[in-house]
Amino acid sequence: MPIRGQAAAAGSIDAGEVEKFARIARQWWDPEGDFRPLHRLNPLRLTFLRDHLVTRFGRDPGSLTPLSGLRILDVGCGGGLVTEPLARMGADVVGLDATEESIAVARLHAEETGLAIDYRHDTAEALAAAGERFDAVLALEVVEHVNDPAAFIRTCASMVRPGGAMGLSTLNRSPKGFLLGVVAAEYVMRWLPRGTHDWRKFVKPSELAAMLRAGGLTLSDLKGLTYDPVKDAFRLDARDLAVNYLAFAVRR
Amino acid sequence: MTEDRVEVVFAGGGMVGLTLAVALARAGLSVAVVDRETPAEVAALDYDGRASAIALGSKRVFDGIGLWPRIAAEASPIHDIRVADGHPLRGVSPLFLHYDHRAVGDEPFGWILENRVIRQGLHALAEEVAAETGRLRLIAPASVERIERPGERFDAAQSDAGPANAGRANAGLASAHLNDGRRIDANLAIAADGKFSRQREAAGIRVTGWRYDQVSIVCTVRHARDHRGTAVELFLPGGPFAMLPMTGNRSNVVWSERADLAERYLAMDEADFMAELSRRFGDWLGDIELVGPRFSYPLSLGHAERYVAHRFALIGDAAHAIHPIAGQGLNMGLRDVAAMAEVLVDARRLGLDIGALDVLAGYERWRRFDNVLLAAVTDGLTRLFSNDSAPLRAARDLGLAAVNRTPPAKRFLMRHAMGLVGDLPRLVRGEAL
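Keep in mind that what you see is a predicted model, and the values were worked out from it rather than measured. (Residues numbered from 1 in each chain as written. Chains lettered and ligands numbered in written order. Predicted model: local features only at pLDDT ≥ 70, side-chain atom pairs only at ≥ 80, totals over all residues.)

So, the overall build of chain A
Scanning chain A for helices and strands turns up 8 helices and 8 strands. In summary, chain A has a C-alpha radius of gyration of 17 Å against a globular reference of 18 Å for 252 residues, a match within 12%. Viewed in the frame of its principal axes, chain A has a C-alpha envelope of about 45 × 40 × 35 Å. Across the 252 residues in chain A, those meeting the buried criterion constitute 50%. Considering only contacts in chain A between residues 6 or more positions apart, those separated by 24 or more positions represent 69%. (Helix = DSSP H or I, 4+ residues; strand = E, 2+ residues; numbered from the N terminus. Rg over C-alpha atoms; globule rule 2.2 N^0.38 Å. Buried ≥ 20, exposed ≤ 12 C-beta atoms within 10 Å, placed from the backbone. Contact = placed C-beta atoms within 7 Å.)

Structural notes on the overall build of chain B
Secondary structure summary: chain B contains 12 helices and 20 strands in total. Here chain B holds 433 residues, and the buried ones make up 49% of them.

Here's the deal with the pairing of strand β8 (residues 110–114) of chain B
All names here are of chain B. Burial analysis of β8 places 5 of its 5 residues in the buried class, the great majority of the element. The two faces of β8 match: G110, I112 and E114 on one face and W111 and L113 on the other face are all buried. Relative to β8, strand β3 (residues 51–55) runs antiparallel, the two being bridged by 5 bridges. Paired with A51 across the strands is E114, a residue of β8. As paired strands, strand β4 (residues 76–78) and β8 are joined by 3 bridges and run antiparallel to one another. The residue bridging I78 from the neighbouring strand is G110, located in β8. (Pairing = 2+ DSSP bridges.)

Considering the UniProt feature "binding site: S-adenosyl-L-methionine" (unreviewed entry) in chain A
Residue and element names in this part refer to chain A. Mapped onto this structure's residue numbering, the UniProt feature "binding site: S-adenosyl-L-methionine" (unreviewed entry) falls at R45, G76, D97 and L140. Summarising the element assignment, D97 is placed in strand β2 (residues 92–97). Each residue touching D97, except ones within four places of it in the same chain, is listed here: G76, C77, G78, S102, I103 and H121. Tracing the backbone shows L140 in strand β4 (residues 134–140). Ignoring any residue separated from it by four or fewer positions in sequence, one finds L140 in contact with R45, G76, V82, L168 and S169. (UniProt positions renumbered as here; feature names shortened; annotations may be inferred.)

Topic: the nonpolar core
In terms of nonpolar packing, the biggest core is built from 122 residues, with A21, L24, V31, A176, I315 and A341 of chain B touching the most fellow members. With 12 residues, the single largest contributor to this core is helix α9 (residues 329–349) of chain B. In this view, A176 of chain B contacts V9, A11, V34, V144, I147, I184, A186 and A189 of chain B; residues no more than four positions away in its chain are not counted. With 76 residues, the next largest nonpolar core counts F21, V105, V182 and L192 of chain A among its residues. (Core = buried A, V, L, I, M, F, W, Y, C linked by C-beta atoms within 7 Å.)

Some remarks on unusual backbone geometry
Residues and elements named next belong to chain B. In the segment running from A140 into P141, the intervening peptide bond is cis, with an omega of 0°. Of note, P141 is situated in the loop between β9 (136–139) and β10 (144–148). Look at N249: it is not a glycine, yet its phi comes out positive at around 50°. Locating N249 in the fold gives a position in the loop between β15 (239–246) and β16 (250–258). Take N249: there are 16 C-beta atoms within 10 Å of it, and that puts it in the partly exposed class. Positive phi, close to 65°, is recorded for R311, a residue that is not glycine. Following the sequence through the fold, R311 ends up in the loop between β18 (308–309) and β19 (312–314).

Quick notes on the confidence of the model for chain B
All names here are of chain B. For chain B, mean pLDDT is 88; residues scoring 70 or higher make up 87% of the total. Ignoring residues within four places in sequence, the model shows residues 160–168, a span with pLDDT below 50, making 12 contacts including any to other chains. Confidence metrics for the complex model read pTM 0.90 and ipTM 0.88. (pLDDT = per-residue confidence, 0-100.)

What to know about the sheet that holds β8 of chain B
All names here are of chain B. Read across the sheet, 3 strands follow the order β3-β8-β4 without closing on themselves; strand pairing throughout is antiparallel. Edge strands, defined here as strands with exactly one partner in the open sheet, are β3 and β4. The mean angle between the axes of side-by-side strands here comes to 30°, regardless of whether they run parallel or antiparallel. Packing of helix α3 (residues 56–64) onto the sheet brings it into contact with β3 and β8, and relative to β3 it is tilted by some 90°. (Axes fitted to C-alpha atoms, helices over the stretch in contact; angles between N-to-C directions.)

Examining the packing of helix α1 (residues 15–27) of chain B against α9 of chain B
All names here are of chain B. Two elements in contact, α1 and α9, have axes separated by 9 Å at closest approach and are oriented at 25°. The angle between the axes of α1 and α9 places the two elements in the roughly parallel class. Read as a crossing pair, α1 and α9 show a hand that is right-handed. Contacts between α1 and α9 pair M15, V16, T19, L20, A23, L24 and A27 from the former with L330, G333, L334, D336, V337, M340, A341, L344 and V345 from the latter. Among the residues making up the contact of α1 with α9, the classes are represented as 13 nonpolar, 2 polar and 1 charged. (Parallel < 35°, antiparallel > 145°, perpendicular 65-115°, else oblique. Left-handed = near helix turned anticlockwise from the far one by under 90°. Nonpolar A, V, L, I, M, F, W, Y, C, P; charged D, E, K, R; others polar.)

Looking at the environment of A203 of chain B
All names here are of chain B. Here A203 lies in the loop between α6 (198–202) and β13 (207–223). It is 16 Å that separates the C-alpha atoms of A203 and H320, two residues lying 117 residues apart in sequence. Each residue touching A203, except ones within four places of it in the same chain, is listed here: A309 and F312.

Comments concerning the packing of α3 of chain B against α9 of chain B
Residues and elements named next belong to chain B. Their axes nearest at 9 Å, the elements α3 and α9 cross at an angle of 50°. As summarised for this structure, α3 and α9 are arranged oblique, according to the angle between their axes. Here α3 runs over α9; the crossing is left-handed. Contacts between α3 and α9 pair G57, S58 and V61 from the former with L330, N331, L334, R335, V337 and A338 from the latter. Counted by class, the contact of α3 with α9 contains 5 nonpolar, 3 polar and 1 charged residues.

Examining the sheet that holds strand β5 (residues 160–171) of chain A
All names here are of chain A. Reading across the sheet, the 8 strands line up as β3-β2-β1-β4-β5-β8-β6-β7 and stay open at both edges, with mixed pairing between neighbours. Each edge of the open sheet is held by one strand with a lone partner, namely β3 (118–121) and β7 (233–237). Strand-to-strand, the axes of this sheet are offset by a mean angle of 15°, without reference to chain direction. Sheet topology note: the strand β1 (residues 71–75)/β4 ladder contains 4 bridges and is parallel. Directly across from V75, in β4, lies its bridge partner A139.

Some remarks on helix α4 (residues 100–112) of chain A
All names here are of chain A. Taking 1.5 Å of rise per residue, 13 residues should cover 18 Å, and α4 covers 19 Å from first to last C-alpha, within 8% of that figure. Of all the residues in α4, the buried ones are E101, S102, I103, V105, A106, L108, H109, A110 and E112. Looking one or two residues beyond α4, the residue adopting positive phi is G114, at roughly 75°. (Expected span 1.5 Å × (residues − 1).)

Next comes the structure, spelled out in structure tokens:
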């Protein structure tokens, strides 16, 4: 049973955050709009996830559909910026978001290009309670928006089948994370609307590793996303996790 | 109305469009190519009399898609390039610029191939790839009447998939409407329809450029002696005159001439025409005779203000047309092909939407500088050499001699002409896509 409006505030969901995304949901697919940074980061995030999933599940990295047959859950899918590519790579994807407006946009956009994706306006807790299991569970740019990250990760981890994996990305609660992730991104460069992020909700890599461990997962890789102002380009960097970082964890 | 769904639809299946279509189909994408002419029509002797200089980089692209083995026997290697300032009456200036391929390695500078041979080879290859993969369809004869595209920005509130388009699942794609009523939906529509691209105009993309008051007269001659792989370019006052070595003691002549004079030469009977031609061609290869018809091509320079839009891209001559002075037009187009193929396949391997503007922008960024540079260089050369002013003649002769005596400058120019300078796509480097 999908949860509507304020009721979505159940569990780890923060009602204020849901409201925040509802206001800008129609911009999800505008590469020059409020979600511009996500559009620009997308190729790197997808490279990280694809490479790990291909290795984990023994797939051919040269294939155009390397994820075919894998069942993947994209928690906090928003407009489907990562969900759609996963579907094109052959995965059987469930896109999940607590913001009804985002799910509506995601459905419409997928329909316009003829992509079949199972989008649901629901919560991770509800899916876990229904006993859903996945080869991989993804939560990109979600942890920093929930009320109780530890509980949220435990819930997500419970849906990862043995041998499966989890992919995450979030912002680091470091001084540099505050300066670049909030001050620069929202106030100086204006990449993001003001108030997109609350620095106090950011998660340190060590904290994330502990939360994953509590959920029975083992962290296998961490990569930072860094910005080069000279080239105006982002790249994956194994040494600099200070701002935005990606994590991959596995269940043995 | 019948509907089809592919990933890429091409308006135009010439040498550039079909090469890209084959590369993409081989890499796993589904493509449809719409062309006005059938394969038999474009292979006819009177369709296209030109030959192209295939640079090493372009040869690698042809190798990469599996075309080269089919046409290699017809390719005539260029071992030497001689460039000279000449005058039909006064003869050739002694200050020669001489490029010898041994200065840059074992490979020849390039190969001369008749366009007809390339087109035939491509069609045979396309047929084989179509049968093998089921991912390539050539629709000919047919034409794309119009390409319907969604707005640049997806706005859920005004989505085309809304009530107004209820039941049309592919409203977010580009739709090519064909003259026979068919509709082909695709993530990306590529205009490969040449320098007078209708689709470019329909997309509202402007072109910067100008006409040269020159026409290229193109024909093939058979000669008594072996050319030994030597290509010659004479800078005559009316325009450059090129002799390109072909197989079987033949050379392709590209004789660029003032438009009014060219018209006169083209109207002459064969004996008079051959007399004019021989005066320029010279007797270094013995007696010459004309084989096949004479062709003429008006020359112009054109560069599209942008190459891409949402779900739309220009490639080859549709994006840039240049003077044939340096024999680089098709080579530029094939470098477009290699860059576009790499951008699209890499995006597709990440699951990205290949028609999205941010993906296509990568292709434009990659190609624009190289294309502008070549357009500017060929334009400059044309202006510098297509005249008979004494001071300019002296200056350019010194310039040719200076380049000739400066090995690094000469090597750079040679490597550039071979298509080996810059950030090269995998296909141009001879690697797998």
